[in-house]
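Residues per chain are reported as follows:
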Amino acid sequence: MKLVIQGGNTLRGKVRIGGAKNAALVLIAASAIAGGEVILDNVPRIADVERQLEIVQALGGRAEWQEQGRVLLSWPDKVAVAVPYQLAKKLRASNLFLGALAARIGQVRMPLPGGCDIGFRPMDLHLKGLSAMGFEVELEHGFINAKARELRGARIYLDFPSVGATENIMMAAVGVPGTTIVENAAKEPEIVDLASFLSGVGATIRGAGTDLIKIEGARAGVPASAGRAPAGACDSGRGARFSVIPDRIEAGTYMIAAAAVGAEVTIENVIIRHLQPVIAKLQDVGLEVAVGEDSLTVRRSGPLRATDIKTLPYPGFPTDLQSPMMALLCLVQGTSVISENVFDNRFRVADELKRMGAQIRVKGHSAVVEGPTRLLGAQVKAPDLRAGAALIVAGLAGEGETEICQAELIERGYEKVAEKFCALGGRIKYVD
Ligand code: UD1
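Owing to the predicted nature of the structure, the values given are computational and were not obtained by experimental measurement.

Visitor: In this structure, what is going on with the site of the ligand? I would like to understand it.
Guide: In the vicinity of the ligand, 19 residues are found, and the nearest of them are Asp-124, Leu-125, Ser-162, Asp-320 and Val-342. One of the backbone nitrogen or oxygen atoms of Pro-122 is found 3.3 Å away from an oxygen atom of the ligand. Taking 740 Å² as the accessible area of the ligand by itself, protein coverage stands at 87%. Going through the elements one at a time, helix H5 (124–132) and helix H6 (163–174) are the ones with two or more residues in the shell around the ligand.

Visitor: Is there a simple way to think about H6 in this case?
Guide: With twelve residues, H6 should reach 16 Å at 1.5 Å per residue; the first-to-last C-alpha distance of 17 Å fits that figure. In terms of burial, H6 is a largely internal element, eleven of the twelve residues being buried. Buried within H6 are the following residues: Gly-164, Ala-165, Thr-166, Glu-167, Asn-168, Ile-169, Met-170, Met-171, Ala-172, Ala-173 and Val-174. Where H6 starts, the residue carrying a side-chain oxygen 3.5 Å from the main-chain nitrogen of Gly-164 turns out to be Ser-162.

Visitor: Would you explain the packing of aromatic side chains in this entry?
Guide: One pair of aromatic rings is described through two measures. These are the centre distance and the angle between the planes. All chains considered together, the criterion is met by three aromatic pairs. Ring plane angle 85° and centroid distance 5.7 Å describe the contact between Phe-197 and Phe-242, whose orientation is recorded as edge-to-face. Here Phe-197 is found in helix H7 (residues 189–200), whereas its partner Phe-242 is found in strand E13 (residues 240–243), with 45 residues between them in sequence. One exposure class covers both Phe-197 and Phe-242, and it is buried.

Visitor: What's the story with the nonpolar core in this structure? I'm lost.
Guide: Within soluble globular proteins, side chains that are nonpolar tend to cluster in buried spots. Counting 80 residues, the largest nonpolar core has Met-133, Phe-197 and Leu-198 as the members making the most contacts within it. If one sorts the elements of this core by residue count, helix H1 (residues 21–30) sits on top with eight residues. Not counting residues up to four positions away in its chain, the partners in contact with Met-133 are Glu-150, Leu-151, Arg-152, Ala-154, Ile-156, Ile-169, Ala-172, Ala-173, Val-176 and Thr-180. Among the nonpolar cores identified, the runner-up in size contains 72 residues, and Ile-256, Ala-258, Ala-358 and Leu-375 belong to it.

Visitor: Can you walk me through the environment of Ala-146 in this structure?
Guide: Tracing the backbone through its elements, the reader meets Ala-146 in strand E8 (residues 143–148). In this structure Ala-146 touches Leu-98, Gly-106, Gln-107, Val-108, Leu-130, Glu-136 and Val-137, once residues within four positions along its chain are discounted.

Visitor: I tried to follow the sheet that holds E13 on my own but got confused; where do I start?
Guide: Paired through their backbone hydrogen bonds, the strands of a sheet run either parallel or antiparallel. Read from one edge to the other, the open sheet built from four strands follows the order E4-E5-E3-E13, with strand pairing classed as mixed. Two strands lie at the open edges of the sheet, namely strand E4 (62–67) and E13, each paired on one side alone. Averaged over all neighbouring strand pairs, the angle between strand axes comes to 20°, with direction disregarded. Most of the contacts of H7 go to E13, to which it runs at about 160°, and overall it touches strand E3 (38–41) and E13.

Visitor: Can you walk me through the side chain of Ser-74 in this structure?
Guide: Following the sequence through the fold, Ser-74 ends up in strand E5 (residues 70–74). Leave out the neighbours within four places in its chain, and Ser-74 touches Glu-37, Gly-61 and Arg-62.

Visitor: I keep staring at the domain arrangement of the protein chain and nothing clicks. Help me out?
Guide: Put simply, an interface is often sized by how much accessible area is lost when its parts join up. When cut into domains, the protein chain gives domain 1 (2–17 + 247–431) and domain 2 (21–243). Averaged C-alpha coordinates put domain 1 and domain 2 at centres separated by 31 Å. In this assembly, 24 residues from domain 1 lie in contact with 25 residues from domain 2. Counting each side, the surface lost to burial between domain 1 and domain 2 is near 2,000 Å², with a carbon and sulfur contribution of 50%. Among the residues of domain 1 in contact with domain 2, Tyr-314, Arg-412 and Glu-415 are the three that bury the most area, contributing 34% of the side total. Linking domain 1 with domain 2 are two salt bridges. Here Arg-248 makes a salt bridge to Glu-190, at a shortest N to O gap of 2.9 Å. Here the side of domain 1 that touches domain 2 is composed, by residue class, of seven nonpolar, five polar and twelve charged.

Visitor: Where do I start with the pattern of salt bridges in this structure?
Guide: If you walk through the whole model with that rule in mind, you get 23 salt bridges. Between Glu-250 and Lys-420 there is a salt bridge; the shortest N-O distance is 2.7 Å. Residue Glu-250 is found in helix H8 (residues 248–261), and its partner Lys-420 is found in helix H14 (residues 417–423); the two are separated by 170 residues along the sequence. The same class applies to Glu-250 and to Lys-420, which are both buried. A salt bridge links Arg-299 to Glu-288; the nearest nitrogen and oxygen atoms lie 3.0 Å apart. With Arg-299 in strand E16 (residues 295–299) and Glu-288 in strand E15 (residues 288–291), this residue pair connects regions lying eleven residues apart in the sequence. For Glu-288, a relative accessible area of 33% translates into the label partly exposed. Among the charged side chains, a salt-bridge network with shared partners connects Asp-41, Glu-67, Arg-70 and Arg-241.

Visitor: How do you make sense of the sheet that holds strand E22 (residues 401–405) when you look at a structure like this?
Guide: Here four strands make up an open sheet; going across it, the order is E21-E22-E1-E23 and the pairing mixed. Taken across any chain shown, the strands that pair with only one partner, and hence form the sheet edges, are strand E21 (379–381) and strand E23 (427–431). Going across the sheet, the axis of each strand differs from the next one's by a mean of 20°, ignoring polarity. Its contacts with the sheet put helix H12 (residues 385–397) on strand E1 (2–6), E21, E22 and E23, and the angle it makes with E1 is roughly 25°.

Conventions we followed
- Numbering of residues begins from 1 in every chain and follows the order in which that chain's sequence is written.
- Since the coordinates come from a predicted model, pLDDT governs what is reported: local features require at least 70, and pairs of side-chain atoms require 80 or more to be given and counted, while whole-chain, interface and lining totals use all residues.
- Excluding hydrogens and water, the side-chain values take into account all heavy atoms of the structure.
- Being near a molecule or strand, for a residue, means having at least one of its heavy atoms within 4 Å of it.
- As used in this structure description, the phrase polar contact means that two N or O atoms lie within 3.5 Å; if the pair is within protein, one of them must be able to donate a hydrogen and the other to accept it, and residues adjacent in sequence are counted only when both atoms belong to side chains.
- To measure how exposed things are, a 1.4 Å probe is used in the Shrake-Rupley method; for residues, cover is taken only from the protein chains shown.
- Segments assigned H or I by DSSP are reported as helices when at least four residues long, segments assigned E as strands when at least two residues long, and all are numbered from the N terminus.
- Expected span, for any helix, means 1.5 Å times one less than how many residues it has.
- Relative accessibility thresholds used throughout: buried, under 20% of the residue-type maximum; exposed, over 50%; partly exposed, between the two (1.4 Å probe, protein chains only).
- Between 30 and 60 degrees the pair is tilted, below 30 it is stacked and above 60 it is edge-to-face, where a pair is any two Phe, Tyr or Trp rings, Trp via its six-membered ring, whose centres lie within 6.5 Å.
- Take the buried residues of types Ala, Val, Leu, Ile, Met, Phe, Trp, Tyr and Cys, join any two whose side-chain atoms come within 4.5 Å, and each joined set is a nonpolar core.
- Residues are treated as being in contact if the distance between any of their heavy atoms lies within 4.5 Å.
- Following DSSP output, two strands are said to pair if at least two bridges run between them.
- Whenever a helix is involved, its axis is fitted only over the stretch in contact; in every case the axis is a line through C-alpha atoms, and angles between N-to-C directions fall within 0 to 180 degrees.
- An automatic or database domain assignment provides the domain bounds reported here.
- Two parts lose some accessible area (1.4 Å probe) when they are put together, and adding that loss for both gives the buried area.
- We define a salt bridge as a contact between a side-chain nitrogen of Lys or Arg and a carboxyl oxygen of Asp or Glu at a distance within 4 Å.
- Under the convention adopted here, Pro, Cys and the residues Ala, Val, Leu, Ile, Met, Phe, Trp and Tyr are nonpolar, Asp, Glu, Lys and Arg are charged, and Gly plus all remaining residues are polar.

Structure below.
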């Protein structure tokens, strides 16, 4: 699938942000821990979400769209232990069934997950966490096998505040007797959303959003066991209705695009607090950002200037917006240095931007962007989801026609992206 963009139009108007991909993906997995039916609202209809719902169905659960943005999930007494290879390979977030199934049935078999190729993405911290809580964990020919043995709360220090490891440990710990403490935990808003959801279905979790999270697990003597409903904290049979937080990365992408094309755009349905690192950086560059209660308006009234970016775990600048920022920095006056500190292979978009005329030098974990460059439309390929978003930014701001191949990767994380940009005045369409 290709996206074809005619560059040079300014953007004007309002765009509504959907539910956060990364929150929806973990909540879909976490529904396995609830005792009853779960209704999730504000779920983005994107490819990764569809795959995650297919995994629920493959495990024996019910997962269906009820209306725009609403998904109903429920799990039977008997749940399959193995996450199917073909589905797990399609997205990294399939790994979140590790913690969810560990809590529900005390047992999981899953292939090491797939997902965007943005560097080495090991699961050692997830597995270390489960082992510490008394799961027997084995890695065998690309598969993870985890089985409840002597479960007990544990104190787990993460060498890096991994989002996925924090989430898996939180979910697994709900089914583990005693108190589990995660130190150097990830602080992303999606972690707070997961904790609120789990609390809503009966778990006791404190500290989400800080680097120390405490989970009071199942009552002692009620270990999770295969084929049974979830033990302990969530055996109340309680279902839940929960609305997914807005997607700060989608919002940031529209802010960056607006900066790149010299627009005035109002971005609706956002949580301003979650966007602070992005707002601060775009103000540094010279963008005007007017903040409302749950919306913001960005306006470029003068020339933008270079800045340096260091990606960091939240509340640092998000790695998921590093590629779109790189596209923007190509257009501004001066030299910008980008340091990627979360993933080790997230500069592949630089080669594609260079096809459009960008001047970027990549060395190890840093990229030096020289601007301003007149980006010229070209045939490019989206090497991963966020790089694809960067190429949209470049295509909209560039001159002439840009054709982005492998655009289906963009569909993994952006709902109706062509439609939303068209509504703002962008000229962008899908071509099969
Ligand atoms: C999540 C997000 C992704 C985002 C990333 C960082 C989802 C579905 N995806 O990915 O969009 O870019 O957070 O904000 O929520 N690491 C280890 N060992 C582990 C786990 C991770 O070394 O066991 C390393 C990774 O290789 C990477 C870093 O930790 O360098 C961050 O990864 P992590 O926070 O786990 O990202 P994900 O949860 O995969």
